[in-house]
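Topology and contacts: notes
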Amino acid sequence: QSMLTMVYLTSGRIELATSFTLFTPEIVHDCTRLYPVYREPLTARPLDAFTGVKDPQVYDLELTPDWHQVAFFNTSAKEGPVTVALSGDRVAGAIGLDPHGSYYVYDFWGDSLVGKLKGTDKVEKNLGPMHCAMLSVRKAQPNPQVISTTRHVLQGWVDLAEVKWNPAANQLTGIAKVVGGEPFKIVIANNGRKPVSIKTDAERSKLEPAPSGDLCTVTLDRPENGECHWQIDY
């Protein structure tokens, strides 16, 4: 997972020394989290490259001003923390976000909420040697919002479309690009509202509260590849 994440963010292609025929189902699953590749002319910046470290450990891919994908990579031979400030001077290694905002930070590979942090906070993850974490950092909105998916390492950037909040109808809607036979999970921050029901054209769907925090998850499943329209009523 660490190798795949860092190659995805910093390289143009993946060269494999192991034959596909020798891949375990788990390796195949992890490799498919990288595709499709995003089409925008964006690259990840090593935030701490000029802070005196031997090797950069924090890489920031800014998708929008309010949505950053941040990779932590422990380049040390020992277990230890990797840290980044949400706001502050980018030259000093910070992401440079709004200090007056608050942000959801969600760990892709761990499929867990790191926290809802103030813009003045720091994000910290304790990682083993040569271990990586891919974090989605999204500014909290006054309405329900998507904060992650399980389909792709960019957590909704290429695998979701037309995600919108309708304040008049109290509905969160979108389109999920589902792989046939594989449950597609969307993690949503309710932001103080209560989800009531879900409507979708998937063969199977499920709406349930997340284990912690003001979150819920939507799981979509269909036998063949295709788009699924979904709608959550609040």
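Just above, that's the structure.
Cut-off values and rules
Residues numbered from 1 in each chain as written. Predicted model: local features only at pLDDT ≥ 70, side-chain atom pairs only at ≥ 80, totals over all residues. Heavy atoms only, no water. Helix = DSSP H or I, 4+ residues; strand = E, 2+ residues; numbered from the N terminus. Buried < 20%, exposed > 50% of the residue type's maximum accessible area, 1.4 Å probe, protein only. Contact = heavy atoms within 4.5 Å. Areas by Shrake-Rupley, 256 points an atom, 1.4 Å probe, with all protein chains shown as cover. Lys, Arg positive; Asp, Glu negative; His and termini not counted. Charge placed at Lys NZ, Arg CZ, Asp CG, Glu CD. Patch = residues over 30% accessible without salt bridge, like charges linked within 9 Å, V, L, I, M, F, W, Y side chains within 5 Å. Salt bridge = Lys/Arg side-chain N within 4 Å of Asp/Glu carboxyl O. Pairing = 2+ DSSP bridges. Axes fitted to C-alpha atoms, helices over the stretch in contact; angles between N-to-C directions.

Next up on the list: the overall build of the chain. When its secondary structure is counted, the chain shows two helices and 16 strands. A principal-axis box enclosing the C-alpha atoms of the chain has dimensions of 50 × 50 × 35 Å. Looking at the chain as a whole, 47% of its 234 residues are labelled buried. Here the contacts in the chain between residues at least 6 apart in sequence split such that 63% fall between residues at least 24 apart. For the chain, the accessible area works out to roughly 11900 Å², and carbon and sulfur atoms hold 53% of it. Both charge centroids of the chain, one from 23 positive and one from 27 negative side chains, sit 3 Å from each other.

What follows is about a nonpolar patch on the surface. Together, Met 3, Leu 16 and Phe 20 make up an exposed nonpolar region whose accessible area comes to about 330 Å². Its location among the elements puts Phe 20 in the loop between helix H1 (2-10) and helix H2 (25-32). Judged by its relative accessible area of 62%, Phe 20 falls in the exposed class.

As a further point, take the sheet that holds strand S10 (residues 160-166). What the four strands build is an open sheet, ordered S10-S11-S16-S13; its pairing is antiparallel. With one partner strand each, in any of the chains shown, S10 and strand S13 (197-200) form the two edges of the open sheet. If you compare each strand with its neighbour and ignore which way they point, the axes differ by 20 degrees on average. Of the pairings in the sheet, the one linking S10 to strand S11 (residues 171-178) comprises five bridges and is antiparallel in character. Within the sheet, the bridge partner assigned to Lys 164 lies in S11 and is Thr 173.

Attention now moves to unusual backbone geometry. Omega for the peptide link from Tyr 35 to Pro 36 comes to 0 degrees, which places this bond in the cis form. For Pro 36, the position within the fold is in the loop between H2 and strand S1 (45-46). Phi is positive for Met 130, close to 60 degrees, though the residue is something other than glycine. On the secondary structure map, Met 130 appears in the loop between strand S7 (122-127) and strand S8 (132-139). Its identity is not glycine, yet Gln 155 carries a phi of approximately 55 degrees, on the positive side. With respect to the helices and strands, the residue Gln 155 is situated in the loop between strand S9 (145-149) and S10.

Within a beta sheet, neighbouring strands are joined by backbone hydrogen bonds and run either parallel or antiparallel to one another. An order of S9-S12-S15-S14 is seen for the four strands of this open sheet, with the pairing classed as antiparallel. Each edge of the sheet is formed by a strand with only one pairing partner; in this case those strands are S9 and strand S14 (204-209). The mean inter-strand angle of the sheet, taken between neighbouring strand axes irrespective of direction, is 25 degrees. Sheet topology places S9 next to strand S12 (residues 184-189); four bridges connect them, and they run antiparallel. Counterpart to Val 146 in the pairing with S12 is Ile 188.

By the definition in use, this model includes eight salt bridges. Linking Arg 45 and Asp 60 is a salt bridge whose minimum nitrogen-to-oxygen distance equals 3.3 Å. Here Arg 45 is found in strand S1, whereas its partner Asp 60 is found in strand S2 (residues 58-64), with 15 residues between them in sequence. One salt bridge in this structure joins Asp 107 and Lys 125, with 2.9 Å as the shortest N-O distance. Linking Asp 107 in strand S5 (residues 102-107) with Lys 125 in strand S7, this pair joins segments that are 18 residues apart in sequence.

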